[in-house]
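# Descriptive analysis of the structure
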Amino acid sequence: MAGGNERSMKALKEVWKRAENSLCADCGKPDPDWASSTLGVFICLSCSGIHRNIPSISKVKSLKMDYWDDAQVQFLAKHGNAVTKAVYEAHIPIYYYQPTYNDCQILREQWIRAKYERKEFTEPGKQLPYSDGVKEGILWKRGRDNGQFLPRKFLLSEREGCLKYFTKQDAKEPKINVKIDVINATFQPEKIGNPNGLQITYLKDNKTRNIFVYHESGKEVVDWFNAIRSVQFHYLKVAFPIASDNEIKNRLTRNFLKEGYMEKTGPKQREAFKKRWFTLDHRRLMYFKDPLDAFAKGEVFVGSGENGYSVQKGLPSGTQGNFSWHYGITIVTPDREYLFTCETETDQLEWIRAFTSVINQAMTPQEYASKCLDAVSFPS
């Protein structure tokens, strides 16, 4: 018995060491130490918890702490991440968002359920709830002024190239009608206070407008998210016919590079620093009095180093404004310097890293065209 167990463990380690099994099959996290004995995939601890919630599909065990018999090890050896992914991920639409271990729980859960439970990607041309170019339904939307979440009808249309919402079910005219190419969507469960919280942003009069929504069903809100990406993808395919699918995919919805509180001062740099919520959305740095504000109080374009932009640790000597946080950051632009302070050194270094990643990237022609955003800078 002991010899058989030792033999199984040795064989298990051999399968586990294969390069294909070095990343979690579902989120890509390095060094997974769990596996599904029924699917044959190697997964991380976090994804194993999601698998455990679909026991009719997946039985999970620890590779370090649980006993694996010969038959289970042979099953893992026959399958593994490469073989299993070739089956369950055979026909993923190019626009479908495949989450990583950095993404929120609801995205990862619905990705796993879509693969193994609903088998959405096993057949070519399968009709999916986010693939037919139109989606209509109710989302709970946060009121811009009162902060209450109320049910609102939303309509997404590929034919019209827009997203609309209506304040009443029978309303003929939408409250908003937004072109699909100016929309971004990103999951914000902590900010919104709901595990299925989705933040939809769009440009209005050259300013960013935020809409915060959720749905009781995690599947439904993720379907909305991928429906937006689907409509955007097909719109951009028409608008940029010579662009490759991957180039277009990279222009779909994006996560914010960095969010959090910093203190800021005005353009004269003599005013007291005030605590504000900041969002870095690629080259747009915006600040809000409250994280759930509908509009930013100010924003600035963050260009590239070759165009005169840089980030510096600390504040200029002789800075006069009063501040309570002492980890300073200076953003240098061709027009002026922007001064911020962070509460901790960790925050400071994370913000500097985020700014540096943007500044080190060359600007695209579209970004040169949008550089007029520099005129929409932080007020005092």
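Residues numbered from 1 in each chain as written. Predicted model: local features only at pLDDT ≥ 70, side-chain atom pairs only at ≥ 80, totals over all residues. Heavy atoms only, no water.

Here is the rule: UniProt positions are given in the numbering used here, feature names are shortened, and annotations may be inferred rather than shown by experiment.
The protein goes by ADAP1 protein in an unreviewed UniProt entry, where it is assigned to Callaeas wilsoni. On record in UniProt, under Subcellular location (unreviewed entry), the comment for the protein is "Cytoplasm".

## As for the overall build of the protein
Test applied: For helices the rule is a DSSP run of H or I covering at least 4 residues; for strands it is a run of E covering at least 2, with both sets numbered from the N terminus onward. When accessible area is computed with a 1.4 Å probe and restricted to protein chains, residues below 20% of their type maximum are described as buried, those above 50% as exposed, and intermediate ones as partly exposed. Residue contacts are defined here by distance: any two heavy atoms, one from each residue, within 4.5 Å place the two residues in contact. For the area figures, the Shrake-Rupley method with a 1.4 Å probe applies, and any residue is considered shielded solely by the protein chains shown. In summary, the charge assignment counts Lys and Arg as positive and Asp and Glu as negative, without counting His or the chain termini. Charged groups are reduced to one reference atom each: NZ for lysine, CZ for arginine, CG for aspartic acid, CD for glutamic acid.
A tally of helices and strands in the protein yields 10 helices and 17 strands. Taken over 380 residues, the protein has a buried fraction of 49%. Sequence separation of 24 or more characterises 54% of the internal contacts of the protein that already satisfy a separation of 6 or more. Total accessible area on the protein is roughly 18600 Å²; 50% of this is exposed by carbon and sulfur atoms. Of the side-chain charges in the protein, 55 are positive and 46 negative, and the distance between the mean point of each set is 3 Å.

## Structural notes on the packing of helix α5 (residues 105-117) against helix α7 (residues 218-239)
So the rule is basically this: For every element, the axis is a line fit to its C-alpha atoms; helices are fit only across the contacting stretch, and the angle between N-to-C directions ranges from 0 to 180 degrees. Here the word oblique covers every angle except those under 35 degrees (roughly parallel), over 145 (roughly antiparallel) and from 65 to 115 (roughly perpendicular). All residues other than Ala, Val, Leu, Ile, Met, Phe, Trp, Tyr, Cys, Pro, Asp, Glu, Lys and Arg, Gly among them, are scored as polar; the first ten of these are nonpolar and the last four charged.
Interaxial distance between α5 and α7 falls to 10 Å at its minimum, and their mutual angle equals 90°. Overall, the two elements α5 and α7 adopt an arrangement that is roughly perpendicular. Here α5 contributes Ile106, Leu107 and Gln110 to the contact with α7, which in turn contributes Gly218, Lys219, Val222 and Phe225. Partitioned by chemical class, the residues of the contact of α5 with α7 number four nonpolar, two polar and one charged.

## Re the pattern of salt bridges
Quick reminder of the rule: For salt bridges, the criterion is a side-chain nitrogen of Lys or Arg within 4 Å of an Asp or Glu carboxyl oxygen.
A complete count under the given rule lists 20 salt bridges for this structure. Measuring nitrogen to oxygen at the nearest pair gives 3.8 Å for the salt bridge that ties Lys64 to Asp33. With a gap of 31 residues between them, Lys64 in the loop between β3 (60-62) and α3 (70-78) and Asp33 in the loop between α1 (2-16) and β1 (34-36) connect regions that are remote in the sequence. A salt bridge links Glu109 to Arg113; the nearest nitrogen and oxygen atoms lie 3.1 Å apart. Of this pair, Glu109 and Arg113 both sit in helix α5, four residues apart, which is roughly one turn of that helix. There is no split in this pair, since Glu109 and Arg113 are both buried. Residues participating in the shared-partner salt-bridge network are Asp26, Lys85, Glu89 and Lys115.

## Description of unusual backbone geometry
In this model, Asp31 sits at a positive phi of 60°, which is unusual for a non-glycine residue. Mapped onto the elements of the fold, Asp31 is located in the loop between α1 and β1. Accessibility expressed as a relative area gives 66% for Asp31, which makes it exposed.

## Observations concerning helix α4 (residues 80-88)
The condition that has to hold: The arc in question is formed by the directions pointing from the helix axis toward the C-beta atoms.
Within α4, burial applies to Gly80, Asn81, Thr84 and Tyr88. An end-on view of α4 places all buried positions within 115° of arc, on one side of the element. Close packing links the buried residues of α4 with β2 (42-43), α3 and α5.

## Structural notes on the sheet that holds β2
The condition is simple: Strand pairing is defined by DSSP finding a minimum of two bridges between the two strands.
Spatially, three strands are ordered β2-β1-β3 in an open sheet, and the strand pairing comes out antiparallel. Of all the strands in the sheet, just β2 and β3 have a single pairing partner and so form its edges.

## Structural notes on the packing of aromatic side chains
Formally: Each Phe, Tyr or Trp ring, with Trp reduced to its six-membered ring, pairs with another whose centre is within 6.5 Å; inter-plane angles below 30 degrees give stacked pairs, above 60 give edge-to-face pairs, and intermediate values give tilted ones. Any Lys NZ or Arg CZ that is within 6 Å of a ring centre and within 35 degrees of that ring's normal is treated as a charge sitting over the ring.
Evaluation of the coordinates by the stated rule reveals 19 aromatic pairs. Of the aromatic side chains, those joined through ring pairs into one cluster are Tyr95, Tyr96, Trp111, Phe121, Tyr130 and Phe233. When the ring centre of Tyr261 is taken as reference, the NZ or CZ atom of Lys275 above it lies at 4.5 Å.

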